[in-house]
Structure formats: C-alpha cells, structure tokens
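Coordinates in review
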Amino acid sequence: MKKHLKYIFSIAIVFFITVLNISCSKDKEVGLVYGVESAPIVIKNYTSFQCPDCSELHLKLHDVLKKYIDNGDVKYIEKQIDIERFQFDDLIYKKMNDEQINDFEKLSEIYEKQSQWIAYENDEDVIKLLNLKEDDNKNNISDLKRIRKEKEKLDIHAVPTVYINGEEMSNKITAEELEEKLKSLLK
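First things first, this report covers the structure right here in the doc. For clarity, every value in this text was computed on a predicted model and none was experimentally measured. (Residues numbered from 1 in each chain as written. Predicted model: local features only at pLDDT ≥ 70, side-chain atom pairs only at ≥ 80, totals over all residues. Heavy atoms only, no water.)

It is the contact of helix 2 (residues 52–70) with helix 9 (residues 175–186), at a shortest axis distance of 8 Å, that shows an interaxial angle of 25°. Of the possible angle classes, the one that applies to helix 2 and helix 9 is roughly parallel. Between helix 2 and helix 9 the crossing geometry is right-handed. Of the residues in helix 9, those touching helix 2 at Lys-60, Leu-61, Val-64, Leu-65, Lys-67 and Tyr-68 are Ala-175, Leu-178, Glu-179, Leu-182, Lys-183 and Leu-186. Along the lines of polarity and charge, the residues of the contact of helix 2 with helix 9 split into eight nonpolar, no polar and four charged. (Axes fitted to C-alpha atoms, helices over the stretch in contact; angles between N-to-C directions. Helix = DSSP H or I, 4+ residues; strand = E, 2+ residues; numbered from the N terminus. Parallel < 35°, antiparallel > 145°, perpendicular 65-115°, else oblique. Left-handed = near helix turned anticlockwise from the far one by under 90°. Contact = heavy atoms within 4.5 Å. Nonpolar A, V, L, I, M, F, W, Y, C, P; charged D, E, K, R; others polar.)

As a further point, take the packing of helix 2 against helix 5 (residues 104–112). Axis separation between helix 2 and helix 5 bottoms out at 9 Å; the angle between their running directions is 160°. Relative to helix 5, helix 2 is oriented roughly antiparallel. Once helix 2 is placed against helix 5, the crossing between them reads as left-handed. For the pair formed by helix 2 and helix 5, the contact residues are Cys-54, Ser-55, His-58, Leu-59, His-62, Leu-65, Lys-66 and Ile-69 on the first element and Phe-104, Glu-105, Leu-107, Ser-108, Tyr-111 and Glu-112 on the second. Residue composition of the contact of helix 2 with helix 5, grouped by class: seven nonpolar, four polar and three charged.

A few words now on the pattern of salt bridges. The tally for this structure, following the rule as stated, stands at 11 salt bridges. Its salt-bridge partner being Glu-150, residue Lys-79 comes within 3.1 Å of it at the nearest N-O pair. You can see Lys-79 sitting in strand 3 (residues 74–80) and its partner Glu-150 sitting in helix 8 (residues 138–154), a full 71 residues away along the chain. You can call Lys-79 buried: its relative accessible area is 0%. With a closest N to O distance of 2.9 Å, Lys-95 and Asp-136 form a salt bridge. A residue pair is termed long-range when its members are at least 10 positions apart, and Lys-95 in helix 3 (residues 89–95) and Asp-136 in the loop between helix 7 (123–129) and helix 8 qualify at 41 residues. Owing to a relative accessible area of 11%, Lys-95 belongs among the buried residues under this scheme. By relative accessible area, Asp-136 is classed as partly exposed at 28%. Taken together, the shared-partner salt bridges connect Glu-29, Lys-44, Lys-79 and Glu-150 into one network. (Salt bridge = Lys/Arg side-chain N within 4 Å of Asp/Glu carboxyl O. Buried < 20%, exposed > 50% of the residue type's maximum accessible area, 1.4 Å probe, protein only.)

The quantities given are spatial measurements derived from coordinates; they are silent on function.
Here is the structure:
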C-alpha cells in the first residue's frame, strides 16, 4: 500500500509541476526581451527585420534604448511580426539561438546588415551572413504564434508600431524625444 501511495504522490507532483510550467509559460512575455522584469517602463515594438523604417528606427534609438535598458529603467520587447511582402521576416527570428535572442547588440547587427541580406534570394545566405542556427529554435516558433495573435488583437497593420507603457507612440520619434519621454515617465 505504501508503494502505491508513493507512486500516486509522485504522479501528483509531476502533474502539478507540469501545470505550473504551462501556466507560467503563458504569462511569459514573448519576443526579443531586453532589460529587467521590474523595469518601470515597458516599450513594445512590433516590427520586421526587413522593414527599412524599422531598421532606421532601431538604429536611431539604439543608444537611448541601450542606456535605459542597462540602467534598469526600461524593459524593451521587440516583437517580430510577419509582413507578407518580406521574405525573411520569420526566418531570422526562428533561427536565432538563445544567446543571440538575449543580445541587444545582435539585434542591432541584424538591422545594420539589412542592406546586405535583404537582397539575398535564399535562406542559407541570410543564415550564414548573420551567423544563425541551421535548425529552428522551437521556442521562437511558438513565440511567433503568440505574437501573431497579439498583432491581430491590437489590429496592427504597419510596422514599426511602438507602445511605451501601453501608449502608442509615433514611429517617427527621435532619440531626443524618446529620451525626454523616458525622463518624464521616471519622474
């Protein structure tokens, strides 16, 4: 009888842990997440790696974003959304390894090299230039599904679309304007 109780208890623990992991993963923010969880400012940028305006915006705001991410004031989430006219949107995100996903400078490199890889005609050349994984990152694939649902729920039709603490911002925001906005939110 004790043997059966141990077995039932073990099954119950495994079930509880599984349910806990599933519920926690649903609450996890998806996309490329930089900064600390407790940051007072959350910036969500719905974007595309291939979009010229997205690249320009990222490169223009990079230094300000990096400064506020590094000092713990900003949690920055870049959410790649598929725009049908761009061939490599999902490919890059699916092929990034966990280290690349967590490296803000890797994100910048992808945008900096956009003019090179955007002209490529096949996936292999893009993967090689950006030093991405050959195999898909399964976590990234499931993230893309959740990001698509967010895109539909928010009715996003253009990139970049930027939200700061839930307020949609102009995608023409300058580095100076972003810095002023962040300073005012931190007061």
